[in-house]
Amino acid sequence: MSETWEWLRTSPVAMLLLTLLAYRVGRQVQTWTGGHALAQPVLVAILLVAPVITLLDVDYADYRQGAELIAFMLGPATVALAIPLHRQAHRLRGFVVPMLVAVLLGAAVSITSAVLLVQALGGSELLARTTAPKAATAPVAIALAEAGGGIPALAAVLAILAGILGAVAGPAVLTLLRVRDHRARGLAQGAVSHGIGASRMLTDHETEGAFAGLSMGLTALAMSLLLPVLLAVLL
């Protein structure tokens, strides 16, 4: 029994299987609930994996080592988002300039609002530098936080939280605001909730998913360009 317990705690294979199983359960819950907004597979997987690794007393570094294959596959999965965009390329006509302006403004507002909110609540400069890149996809947020003097691990957590919250509430908020253009909906979702939000939009509408994937990449680029400048001005 002790050997089995030790294997569960230390084996990279066990951590990989745990992650895949938790996500599969999340997908099944999403199916059972008819695609309910709260039944996001990533959210369900986190709620399942977190207590298990806590119970097993597994260090995050050991868990990450086991799930490294999944992290590696995020790169090809992100590139694959270009496929639905290629199918929707005709919808870019007359939309490129407004889209680029919207992405730049959205990235600037995201950075500025994050810094000002932290300052208003009495947070430290370190926390402001960590929070600022939250709208970028997690790997980019980690790199930007590290380069900008923030805490990379916390930046990753904030980026994932932003993605989950956007995937859960984003479509409903856009509907409440009467945003009906599928291109605009996808653009907005990808700009604030990156890959997690893009996957949600792909299940709702192909055009929305395609533009969410495009917005995710453009927002990461815009954040990389604007973050150093805005941090220098605001801090």
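Provided above is the structure to which this section pertains.
Peer 1: Explanation requested: the overall build of the protein in the structure shown.
Peer 2: Looking only at helices and strands, one finds 12 helices and zero strands in the protein. Ordering the α and β elements of the protein from the N terminus gives α-α-α-α-α-α-α-α-α-α-α-α. With 235 residues in all, the protein has 38% of them scored as buried. Considering only intrachain contacts with a sequence separation of at least 6, the fraction spanning at least 24 residues in the protein is 65%. Surface accessibility of the protein: about 12,800 Å² in total, with carbon and sulfur atoms responsible for 71%.

Peer 1: Explain the nonpolar core to me, please; I cannot follow it from the model alone.
Peer 2: Residues Met99, Ile111, Ala132, Met223 and Leu227 are the most contacted members of the largest nonpolar core, which totals 23 residues. When residues of this core are traced back to their parent elements, those giving at least two are α7 (96-120), α9 (138-147) and α12 (206-234). Setting aside residues up to four positions removed in sequence, Met223 forms contacts with Ala107, Ile111, Ala132, Pro133, Lys134, Ala135, Ala136, Leu144 and Pro228. Formed by 11 residues, the second largest nonpolar core is a distinct cluster that contains Ala14, Met15, Val58 and Ala67.

Peer 1: How should I be thinking about the packing of helix α11 (residues 182-204) against α12 in this particular structure?
Peer 2: Two quantities define a packed helix pair, namely the angle between the axes and the distance from one axis to the other. The geometry of α11 relative to α12 is characterised by a closest axis approach of 6 Å and an angle of 90° between their N-to-C directions. Classified by the angle their axes make, α11 and α12 are roughly perpendicular.

Peer 1: How do you make sense of the environment of Gly170 when you look at a structure like this?
Peer 2: Position of Gly170 among the secondary structure elements: in helix α10 (residues 152-176). Put simply, Gly170 and Met201 are 31 residues apart on the chain and 9.5 Å apart in space, counted from C-alpha to C-alpha. Those residues in contact with Gly170 that lie beyond four places of it in its chain are Leu165 and Gln189.

Peer 1: Could you clarify how one ought to interpret the packing of α10 against α11 in this entry?
Peer 2: Where α10 meets α11, the closest approach of the two axes is 8 Å, and the angle between their N-to-C directions is 80°. Compared by their axis directions, α10 and α11 come out roughly perpendicular. Facing Ala159, Ile160, Ala162, Gly163, Ile164, Gly166, Ala167, Val168, Gly170, Pro171, Leu174 and Thr175 of α10, the residues of α11 in contact are Arg185, Ala188, Gln189, Val192, Ser193, His194, Ile196, Gly197, Arg200, Met201 and Asp204. Of the residues contributing to the contact of α10 with α11, the split by class is 12 nonpolar, eight polar and three charged.

Peer 1: Can you help me understand α7 in this one?
Peer 2: Residues that lie three or four places apart on an α-helix share one face, since the helix turns once every 3.6 residues. A rise of 1.5 Å per residue sets the reference length of α7, with its 25 residues, at 36 Å; its end C-alpha atoms lie 36 Å apart and thus fit the reference within 8%. In this fold, the buried residues of α7 make contact with α8 (125-131), α11 and α12. Of the residues flanking the end of α7, it is Gly122, one or two places downstream, whose phi is positive at about 85°.

Peer 1: Before we go on, may I ask you to explain helix α3 (residues 41-55) in this structure?
Peer 2: Given a rise of 1.5 Å per residue, 15 residues ought to cover 21 Å, and the 22 Å separating the end C-alpha atoms of α3 matches this to within 8%. Looking at the buried side of α3, the elements it contacts are α2 (12-32) and α4 (60-66). Residue Asp57 follows α3 closely and has a positive phi angle near 60°.

Peer 1: What is the right way to look at the pattern of salt bridges in this model?
Peer 2: Pairing of side chains with opposite charge becomes possible as their charged atoms draw close. Taken as a whole, this structure holds four salt bridges when the rule is applied. Across the pair Glu208 and Arg185 runs a salt bridge whose closest N-O atoms are separated by 3.0 Å. Taken together, the residues Glu208 in helix α12 and Arg185 in helix α11 connect sequence positions 23 residues apart. With respect to class, Glu208 is no different from Arg185; both count as buried. Across the pair Arg200 and Asp204 runs a salt bridge whose closest N-O atoms are separated by 3.1 Å. Taken as a pair, Arg200 and Asp204 lie in helix α11 at a separation of four residues, close to a single helical turn. Residue Arg200 is classed as buried on the basis of its relative accessible area of 12%. Owing to a relative accessible area of 39%, Asp204 belongs among the partly exposed residues under this scheme.

So, how was this worked out
Starting afresh in each chain, residues are numbered from 1 along the sequence in its written order. Residue-level local features of this predicted model are given only where pLDDT is at least 70; pairs of side-chain atoms are given and counted only at 80 or more, and the full residue set underlies all totals for whole chains, interfaces and linings. No hydrogens and no water enter the side-chain calculation; it runs on all heavy atoms of the structure. In this text, helices come from DSSP runs of H or I with a minimum length of four residues, and strands from runs of E with a minimum of two, each type numbered from the N-terminal end. Relative accessibility thresholds used throughout: buried, under 20% of the residue-type maximum; exposed, over 50%; partly exposed, between the two (1.4 Å probe, protein chains only). The criterion used for residue contact is that any of the two residues' heavy atoms lie within 4.5 Å. Exposure was quantified through the Shrake-Rupley algorithm and a 1.4 Å probe, taking into account, for residues, occlusion by the shown protein chains and nothing else. The set of buried Ala, Val, Leu, Ile, Met, Phe, Trp, Tyr and Cys residues whose side-chain atoms join them within 4.5 Å is what this entry labels a nonpolar core. Here an axis means a line fitted to C-alpha atoms, over the contact stretch when the element is a helix, while the angle between two N-to-C directions is reported on a 0 to 180 degree scale. Small angles under 35 degrees read as roughly parallel and large ones over 145 as roughly antiparallel, with 65 to 115 read as roughly perpendicular and the rest as oblique. The residue classification treats Ala, Val, Leu, Ile, Met, Phe, Trp, Tyr, Cys and Pro as nonpolar and Asp, Glu, Lys and Arg as charged. All others, Gly included, are polar. Multiply 1.5 Å by the residue count of a helix minus one, and that product is the helix's expected span. What counts as a salt bridge is simple: a side-chain nitrogen of Lys or Arg found within 4 Å of a carboxyl oxygen of Asp or Glu.

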